[in-house]
Amino acid sequence: MFGYININKQELSKEDLDTYTSYYCGLCRALGERFGKKGQLLLNYDCAFLIILLSGLYELDDEKARFICPLHPTKKHVFRMNEATHYAADMNVLLSYQNMMDNIRDSGSKQDSFKSRFLHRDYMRILNRYPRQGKAVENAVMSLWRAEKEGSENIDEVAGYTGQMLSEIFLWKEEGMWADDLKTFGFYLGKFIYLMDAYEDVEKDHKAQSYNALTSAWLKNEEDFDTFSRLLLTSMMSEAAKAFERMPVIQNASIIRNILYSGVWTRFQAVYAKRHRKDEKEEKKKEKSVAKEIKKAHKKTRIQRKKT
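Below or above, wherever it landed, is the structure these notes cover.

## Let's talk about the packing of helix α1 (residues 14–35) against helix α3 (residues 45–58)
- Relative to each other, α1 and α3 sit at 115°, their axes nearing to 9 Å. Relative to α3, the element α1 is oriented roughly perpendicular. In this structure, the crossing between α1 and α3 has a hand that is right-handed. Counting all contacts with α1, which are made through Tyr20, Tyr23, Tyr24 and Leu27, the residues of α3 involved are Tyr45, Cys47, Ala48, Ile51, Ile52 and Ser55.
- Considered class by class, the residues forming the contact of α1 with α3 number 9 nonpolar, 1 polar and no charged.

What follows is the structure, given as structure tokens:
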């Protein structure tokens with residue numbers, strides 16, 4: 001379910017891109033310091049976004065330094081780290097561990113079962129450090145799992161569980177006048193992520209006979225499915241954007257707006273384009289098949305005429 005909250009690189013200035021990359025590198029570094037290489041393997045853009053938002057809202061002071069990345073050693077890179085980086089690193093592991101547990105429950109994934117053993121001790125430490133967030137994630141994941149097993153067709157309900165989970169994740173500090181907006185922001189962003197994941201996987205899940213909240217809508221009217229999904233996703237992102245615009249974020253605001261108004265839609269556009277290219281290929285294939293059959297019929301008619 002990770003990977004949907006990303007930048008639109010083409011519409012981001014070089015300065016903002018460098019800033020974004022430095023926060024991402026900071027998250028990678030924090031994961032390594034706190035959890036070792038196994039933590040760095042869990043790195044995702046969604047938690048990098050969490051850092052950028054919290055850093056801007058709370059106007060945190062960044063520690064900046066140049067370093068050589070083992071994966072990109074040809075030149076030095078810059079990382080930025082602050083209080084929010086360490087929090088996001090813990091949330092990254094918390095969410096990743098629960099995602100593994102969900103995969104184990106769903107499919108008995110041996111790979112996730114193996115990986116989760118190495119994270120269990122770290123996961124328990126995070127639960128002790130952040131009991132509110134940990135409880136919220138566990139409750140939401142289990143509620144979602146039950147709803148999916150029951151085959152719920154209530155799209156708002158099932159997407160809402162991911163929303164509830166992220167609302168608590170984005171609420172870093174319970175005190176403060178922006179707590180309600182942070183929770184609202186996280187709630188609708190979580191619903192968007194869940195629905196975007198469902199939109200992308202609807203065909204695959206149908207073939208595998210796996211649960212997908214959007215399967216009924218897709219089967220009911222494939223022609224209007226993309227429009228329906230876009231409207232649904234737009235309504236979620238609109239509410240998230242409203243909550244963001246109520247917060248007094250100046251630092252990193254241009255990066256955040258790039259993500260909210262453009263970046264989150266790059267995946268939708270890619271899935272849409274891929275799906276319709278596939279449809280076009282199938283149509284062309286059908287047209288060739290029909291043309292071939294017509295050609296055969298004409299040939300058969302000519303042969304019969306010659307015989308008569």
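Once the structure has been displayed, the description carries forward.
## Digging into the packing of aromatic side chains
- If you walk through the whole model with that rule in mind, you get 17 aromatic pairs.
- Relative to Trp172, the ring of Tyr58 lies with its centre 5.4 Å away and its plane at 90°, an arrangement referred to as edge-to-face. You can see Tyr58 sitting in helix α3 and its partner Trp172 sitting in the loop between α7 (155–170) and α8 (179–207), a full 114 residues away along the chain.
- The exposure class assigned to Trp172 is buried, which follows from its relative accessible area of 11%.
- Three or more aromatic residues joined by ring pairs make a cluster, and in this case those are Phe192, Tyr199, Phe225, Trp265, Phe268 and Tyr272.
- Above the plane of the ring of Trp172 lies Lys173, whose end atom (NZ or CZ) is 4.3 Å from the centre.
- Above the ring of Tyr199, the side-chain terminus of Arg275 is found at 4.6 Å from the ring centroid.

## Overview of the environment of Arg230
- Mapped onto the elements of the fold, Arg230 is located in helix α10 (residues 222–246).
- Here Arg230 falls in the partly exposed class, since its relative accessible area comes to 36%.
- In contact with Arg230, not counting residues within four places along its chain, are Trp265 and Phe268.

## Describing the pairing of strand β1 (residues 63–69)
- Of the strand pairs in this sheet, β1 and strand β2 (residues 72–81) are connected by 6 bridges, and their pairing is antiparallel. Directly across from Cys69, in β2, lies its bridge partner His72.
- A loop of 2 residues connects β1 with β2, the two strands running antiparallel in sequence.

What counts, and where the lines are drawn
- Residues numbered from 1 in each chain as written.
- Predicted model: local features only at pLDDT ≥ 70, side-chain atom pairs only at ≥ 80, totals over all residues.
- Heavy atoms only, no water.
- Axes fitted to C-alpha atoms, helices over the stretch in contact; angles between N-to-C directions.
- Helix = DSSP H or I, 4+ residues; strand = E, 2+ residues; numbered from the N terminus.
- Parallel < 35°, antiparallel > 145°, perpendicular 65-115°, else oblique.
- Left-handed = near helix turned anticlockwise from the far one by under 90°.
- Contact = heavy atoms within 4.5 Å.
- Nonpolar A, V, L, I, M, F, W, Y, C, P; charged D, E, K, R; others polar.
- Phe/Tyr/Trp six-rings, centres within 6.5 Å; stacked < 30°, edge-to-face > 60°.
- Buried < 20%, exposed > 50% of the residue type's maximum accessible area, 1.4 Å probe, protein only.
- Lys NZ or Arg CZ within 6 Å of the ring centre and 35° of its normal.
- Pairing = 2+ DSSP bridges.

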